[in-house]
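As a plain string of letters, each chain reads:
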Amino acid sequence: MPRNALEVADIFRDHGPTWRERRRGHFSLGQLKVMSAIEQCRSLALGGHALRCSSCAQAQIAYNSCRNRHCPKCQASAARRWLEARQADLLPVAYYHVVFTLPAPLSALAYTNKELMYGLLFDLAAETLRTIAADPKHLGARIGTTLVLHTWGSALTHHPHVHGIVPGGGLAPDADRWVPCKRGFFLSVRVLSRLFRRRFLEELQNAHRNGQLKFFGEHVDLADADAFADWLMPLRQCEWVVYAKRPFAGPEQVLAYLSRYTHRVAISNSRLVALDDRGVTFRWKDYREHGRTRYKTMTLHTEEFMRRFLLHVLPSGFHRIRHYGLLANANRKTNIATARELLHQPAPDIAAEPSAVHDSTGSVRPTFVCRHCGAPMIIIKTFARAPHIRGPPCLPGSP
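Residues numbered from 1 in each chain as written. Predicted model: local features only at pLDDT ≥ 70, side-chain atom pairs only at ≥ 80, totals over all residues. Heavy atoms only, no water.

Draft legend 1. Just helix H10 (residues 332–342), in detail. Listed in full, the buried residues belonging to H10 are Arg332, Asn335, Ile336, Ala339 and Arg340. An end-on view of H10 places all buried positions within 135° of arc, on one side of the element. H10 presents Lys333, Thr334 and Glu341 as exposed residues on the side facing more than 90 degrees away from its buried surface. The secondary structure elements touched by the buried residues of H10 are helix H3 (76–86), strand E6 (169–171), strand E7 (178–180) and strand E12 (321–325). Just beyond H10, the residue with positive phi is His344, at close to 55°. (Buried < 20%, exposed > 50% of the residue type's maximum accessible area, 1.4 Å probe, protein only. Helix = DSSP H or I, 4+ residues; strand = E, 2+ residues; numbered from the N terminus. Arc of directions from axis to C-beta. Contact = heavy atoms within 4.5 Å.)

Shown next as structure tokens:
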């Protein structure tokens, strides 16, 4: 594939070292690891191999990728593998897209309490959907949902929200029939918003009472229980943004849509326009406007661009794709099989991975393909990655 003219890695390689030195002590370990991974991705530092085309003899050098989940260049293949694994989960029903968003004041608090508040955002969005769907006045069924966390807006600001992909219906409480939702309508977003707001503020107060919240900067006074309660009061009265889009055209469109949401990072390389003395210029979408005028360009100082990018580094081990209800990992296969039986729809035929192609010598065909003629590439040399110091050297005489 041709290389983009400008990449996030170029920005970090050119300006990251100086910025890290000047702002020493202002980065978390996770942010430093992400910067290092992006800077080294597909470079000699990670090793690689030399290739030669078996047909036209074209030579090529391919360096290894960092495989960091925040790296814009390492997400395409991960998304493709994930989507292929999810094909068997699609049901022959309409699918809906729902979004739960935290208000701006909570977004600022969430940045210093990522693991706690992102976890609450996941669990309470799923709980809200399942609670309202189980109510006979709305749907009266057990539903499943896949939630994906996004922490950014189009301008790279901190904007935590979860996207949910939900089948249009669910199993009856006794699992003896499939309960479809109304045509073109899933659940009332007003009801979802009110319950989500109440439950989130309840759990936030419980977390404060248990000493689980951390406060810094302008929020340091909120460590006091009374001050925190007063700060939450306006949030009880404002409307929280929860909305549902129209149903997808079919299961295939669900997969196409998921590919744009499951493994995205703060910004893709394709949105970058230029890097010059003014800073980094990139394309963004202004959702407050409509039509062509909503597509604009923005220029940020290089350090501000890198700062905004690093706002979205997730805590180590935090899962940003989660499944709930009928789609929860523990019973997903059983629930989907039951749903298909009730819908009188056989499981889809999932194409098996193509078998390995062997040449006349019996060796397996290489994965790499020549960009000029499409013939297999042969690995003729391997480069080891640069060694990294993992600890201080042992002193003479030490154990």
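Now, onward.
Draft legend 2. Quick look at the sheet that holds strand E2 (residues 59–63). Across the sheet, three strands lie side by side as E2-E1-E13; this open sheet has antiparallel pairing. The sheet is open, and its two borders are formed by E2 and strand E13 (377–383), each paired with just one other strand. Across this sheet, the average inter-strand angle for adjacent strands is 25°, counted without regard to direction. (Pairing = 2+ DSSP bridges. Axes fitted to C-alpha atoms, helices over the stretch in contact; angles between N-to-C directions.)

Draft legend 3. Looking closely at the packing of aromatic side chains. Under the definition given, this model contains twelve aromatic pairs. For the ring pair Trp19 and Phe27, a centre distance of 4.9 Å and an interplane angle of 80° mean the geometry is edge-to-face. An identical accessibility class is assigned to Trp19 and Phe27; each is buried. Pairwise contacts between aromatic rings join Phe100, Phe196, Phe200 and Trp240 into one cluster. Across from the ring centre of Phe318, 4.6 Å away, lies the NZ or CZ of Arg322, which sits over that ring. (Phe/Tyr/Trp six-rings, centres within 6.5 Å; stacked < 30°, edge-to-face > 60°. Lys NZ or Arg CZ within 6 Å of the ring centre and 35° of its normal.)

Draft legend 4. Representation of helix H6 (residues 189–209) within the structure. Taking 1.5 Å of rise per residue, 21 residues should cover 30 Å, and H6 covers 30 Å from first to last C-alpha, within 8% of that figure. Buried within H6 we find Leu192, Ser193, Leu195, Phe196, Arg197, Arg199, Phe200, Leu201, Leu204, Ala207 and His208. Buried residues along H6 sit in contact with strand E3 (95–101), helix H4 (104–111), helix H5 (114–134), helix H7 (225–237) and strand E8 (242–244). (Expected span 1.5 Å × (residues − 1).)

Draft legend 5. Structural detail: the nonpolar core. In this structure, Leu129, Phe186, Phe196, Phe200 and Leu204 are the most contacted members of the largest nonpolar core, which totals 48 residues. Ranked by residue count, the leading element in this core is H5, at eleven residues. In this structure Phe200 touches Leu102, Leu106, Met117, Leu120, Leu121, Leu124 and Trp240, once residues within four positions along its chain are discounted. Residues Leu6, Trp19, Leu156 and Met298 belong to the second largest nonpolar core, which totals 31 residues. (Core = buried A, V, L, I, M, F, W, Y, C linked by side-chain atoms within 4.5 Å.)

Draft legend 6. Main features of the packing of H4 against H7. In the contact formed by H4 and H7, the axes pass within 10 Å of each other and the chain directions differ by 135°. Classified by the angle between their axes, H4 and H7 sit oblique to one another. Where H4 abuts H7, its residues Pro105, Leu106 and Leu109 lie against Phe228, Trp231 and Leu235. Residues belonging to the contact of H4 with H7 are distributed by class as follows: six nonpolar, no polar and no charged. (Parallel < 35°, antiparallel > 145°, perpendicular 65-115°, else oblique. Nonpolar A, V, L, I, M, F, W, Y, C, P; charged D, E, K, R; others polar.)

Draft legend 7. Fine view of the environment of Pro251. Structurally, the position occupied by Pro251 is in helix H8 (residues 251–258). The spacing of Pro251 and Val313 is 62 residues in sequence and 31 Å in space, taken between C-alpha atoms. Residues within four places of Pro251 in sequence aside, it is in contact with Leu90 and Leu91.

Draft legend 8. Up close: empty space enclosed by the protein. One pass over the full model with this rule turns up two cavities of 30 Å³ or more. Surrounding the largest cavity, 13 residues form its lining, Asp89, Leu90, Thr146, Leu258 and Leu327 being those nearest its centre. Where the lining of the largest cavity is concerned, the elements lending two or more residues are H3 and H8. Looking at which element gives the most residues to the lining of the largest cavity, the answer is H8, with three residues. Here the residues of the lining of the largest cavity sort into eight nonpolar, two polar and three charged. Approximately 30 Å³ is the volume found for the second largest cavity. Among the residues making up the lining of the second largest cavity, the classes are represented as six nonpolar, three polar and no charged. (1 Å grid on protein atoms, 1.4 Å probe; cavity = no way out; pocket = protein on both sides within 12 Å on 5 of 7 lines; lining within 4 Å. Points joined across faces, edges and corners; volume = space filled by probe spheres on them.)

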